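# Descriptive structure summary
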Amino acid sequence: MLSTVTALKKATILEALCIIVVAAVLALVIHLVRFGDIPRSMPIDPLKQASKELGISLEIPLEEALDLHKGGRAVFLDARSPVDYNKGHISGALNVPAQDLDAVWYQVEPKLLGDKPIVTYCDGMACSLSKDLAVALIMRGYDNVRVLKDGWTRWLKANGPVEGTQVDSK
Amino acid sequence: MALLKEHKWTPNNWSLKDKKIALVLRGALGVLFLYASVSKALDPFEFSKIVYNYQILPEPLIYPVAAVLPYLEATIGLCLILGIAKRGAALLAFLSMVVFSLALMVNLFRGINVDCGCFDVEVRSVSQARMYWYVLRDFTILFWAFIVLRQSVLRE
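Residues numbered from 1 in each chain as written. Chains lettered and ligands numbered in written order. Predicted model: local features only at pLDDT ≥ 70, side-chain atom pairs only at ≥ 80, totals over all residues.

## Observations concerning the overall build of chain B
Which entries qualify depends on this criterion: To qualify as a helix, a DSSP run of H or I must reach at least 4 residues; to qualify as a strand, a run of E must reach at least 2; elements of each kind are numbered from the N terminus. Here, residues touch in the contact sense if the C-beta positions derived from the backbone fall within 7 Å of one another.
Helix and strand counts for chain B stand at five helices and zero strands. When the helices and strands of chain B are listed from N to C terminus, the series reads α-α-α-α-α. Counting contacts in chain B only where the partners sit at least 6 residues apart, residues at least 24 apart contribute 70% of the total.

Below, the structure written as structure tokens:
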């Protein structure tokens, strides 16, 4: 190990720096050719982006979601695929895959009563399914829609009630 | 493992077989890096979501890193395959594996399951077991990169 470190000469580090510069220039040139410009800010957070466009905050804090769930005061919609949903989901949540909303709408609509808040979730910080579903519901006239960001992972970590084939139901 | 023994490291007592093994190890590592770069380079926007998921970098840095990293991997890969600036390429291959492994382990310890995004850019939800597999895989490549680095710098 030590002999490897001592054998690292200036030339090696210089070579490495050259490779970094070449890669950066390559990335810049190819990016310019393909996309025409360099984006200053990326719509990386889909939820933030959607909230901005709609002019309302879609995100619901985890504590608030847990609270609503405890009192049964909200409808939870799982926007992930049926496979993920069956493995485990928030107790009582309905599976409404964002891309199949039209197909399952006749089953979903009767469950969305009155002004009861709707909470959508999926999994992962960058997952946009829950946001897509929320926006689709808002388009259909539902105002009280919120998104639980990175919902499944955070719900599990917070020991929220879950059910499914691969989780310990509480 | 003969390649790890110290006495093997003066070029004089390198047999043709040793040279061949060293070449294959370096070339194959290059192919791996090149392969890993393709899907990321094709879709930097998707890849930026993966980088975002790791929850390590501040937001302004996410896209620049996602845009440059694939080309860095590709350049490292090509250099390793062609034997151009191979010491520098081997050093970078090793260092990048250190960074990748650390990024995964930080999230493993934080209890965040992130999709590795190592060889493709599809964002999936992953299990804890899969995280361990990612780390194990990264450590294997890290060790491999270390051997290649050792070969490259000691064989001056």
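## What about the overall build of chain A?
This is how it is decided: Counting other C-beta atoms within 10 Å of each residue's C-beta, where C-beta atoms are placed from the backbone, gives the exposure class: buried for 20 or more, exposed for 12 or fewer, partly exposed between.
Counting its regular elements, chain A contains eight helices and six strands. When the helices and strands of chain A are listed from N to C terminus, the series reads α-α-α-α-β-α-β-β-α-β-α-β-α-β. Per-residue burial for chain A yields a buried fraction of 34% across its 170 residues. Of the contacts formed within chain A by residues at least 6 apart in sequence, a portion of 63% connects residues at least 24 apart.

## A look at the nonpolar core
Defined as follows: Nonpolar core, as used here: buried Ala, Val, Leu, Ile, Met, Phe, Trp, Tyr and Cys residues forming one set through C-beta atoms within 7 Å. Domain ranges listed in this record stem from an automatic or a database domain assignment.
In this structure, Ile76, Ala89, Ala90, Ala93 and Ala145 of chain B are the most contacted members of the largest nonpolar core, which totals 77 residues. Counting residues per element, this core draws most heavily on helix 3 (residues 59-82) of chain B, at eleven residues. A domain split of this core shows at least three residues from each of domain 1 (2-35) and domain 2 (46-163) of chain A. Not counting the four nearest positions on each side in its chain, Ala93 of chain B is found in contact with Leu29, Phe33, Ile76, Leu80, Ala145 and Val148 of chain B.

## Remarks on the interface of chain B and chain A
This is how it is decided: Put simply, Ala, Val, Leu, Ile, Met, Phe, Trp, Tyr, Cys and Pro go in the nonpolar bin, Asp, Glu, Lys and Arg in the charged bin, and everything else, Gly too, in the polar bin.
Listed per partner, the contact involves 31 residues of chain B and 29 residues of chain A. Counting residues per element, the ones that place at least two in the side of chain B that touches chain A are helix 2 (44-53), helix 3, helix 4 (86-110) and helix 5 (128-154) of chain B. A total of ten residues in the side of chain B that touches chain A trace back to one element, the largest contributor, which is helix 3 of chain B. Taken together, the residues of the side of chain B that touches chain A sort by class into 18 nonpolar, eight polar and five charged.

## Topic: the packing of helix 4 of chain B against helix 5 of chain B
How two helices pack is summed up by the angle between their axes together with the distance between the axes. Residues and elements named next belong to chain B. Selection criterion: Note on method: axes are straight lines fitted to C-alpha atoms, helices fitted across the in-contact stretch only, with angles between N-to-C directions ranging 0 to 180 degrees. Roughly parallel here means an angle under 35 degrees, roughly antiparallel means over 145, roughly perpendicular means 65 to 115, and every remaining angle is called oblique. Take the far helix as your reference; a near helix turned counterclockwise from it by less than a right angle gives a left-handed crossing, and one turned clockwise gives a right-handed crossing.
Contact geometry for helix 4 and helix 5: axes closest at 8 Å, N-to-C directions at 160°. Between helix 4 and helix 5, the interaxial angle falls into the category roughly antiparallel. Where helix 4 crosses over helix 5, the two elements pack in a sense that is left-handed. A breakdown of the residues in the contact of helix 4 with helix 5 according to their chemical character gives 21 nonpolar, two polar and three charged.

## Here's the deal with the pairing of strand 4 (residues 118-121) of chain A
All names here are of chain A. Our working definition: By the convention used here, strands pair only if DSSP detects at least 2 bridges between them.
Burial along strand 4 is two-sided: Ile118 and Thr120 and Val119 and Tyr121, pointing in opposite directions, are all buried. Sheet analysis places strand 1 (residues 75-78) next to strand 4, joined by four bridges and oriented parallel. Looking at the pairing, Leu77 lines up with Thr120 of strand 4. Bridging between strand 4 and strand 5 (residues 145-148) involves four bridges; their strand directions are parallel. Looking at strand 5, one finds that Ile118 is bridged to Val145.

## Re the environment of Glu63 of chain A
Structurally, Glu63 of chain A can be placed in helix 4 (residues 62-70). Taking C-alpha positions, Glu63 of chain A is 9.7 Å from Trp155 of chain A, a pair spaced 92 residues apart along the chain.

## Topic: the packing of helix 2 (residues 10-35) of chain A against helix 3 of chain B
The geometry of helix 2 of chain A relative to helix 3 of chain B is characterised by a closest axis approach of 8 Å and an angle of 125° between their N-to-C directions. On the basis of the axis angle, helix 2 of chain A is oblique to helix 3 of chain B. Read as a crossing pair, helix 2 of chain A and helix 3 of chain B show a hand that is right-handed. Here helix 2 of chain A contributes Ile19, Ile20, Val22, Ala23, Ala24, Leu26, Ala27 and His31 of chain A to the contact with helix 3 of chain B, which in turn contributes Ala67, Val68, Tyr71, Leu72, Thr75, Ile76 and Cys79 of chain B. By residue class, the composition of the contact of helix 2 of chain A with helix 3 of chain B is 13 nonpolar, two polar and no charged.

## A look at helix 2 of chain B
All names here are of chain B. Helix 2 sits mainly inside the fold: eight of its ten residues count as buried. Regarding helix 2, the residues found buried are Pro44, Phe47, Ser48, Lys49, Ile50, Val51, Tyr52 and Asn53. Each element contacted by the buried residues of helix 2 is listed here: helix 1 (16-42) and helix 3.

## Side note on the sheet that holds strand 3 (residues 94-95) of chain A
Residue and element names in this part refer to chain A. The four strands lie next to each other as 3-1-4-5, forming an open sheet whose pairing is parallel. Two strands bound the open sheet, and with one partner strand each, they are strand 3 and strand 5. Against the sheet, helix 7 (residues 129-139) contacts strand 1, strand 4 and strand 5, and its axis sits at roughly 180° relative to strand 5.

## Digging into the confidence of the model for chain B
Here is the rule: Per-residue confidence from the prediction method is given by pLDDT, with values spanning 0 to 100.
For chain B, per-residue confidence averages 87 on the pLDDT scale, and residues scoring 70 or more make up 89% of the total. Our summary of model confidence lists the complex with pTM equal to 0.69 and ipTM equal to 0.86.

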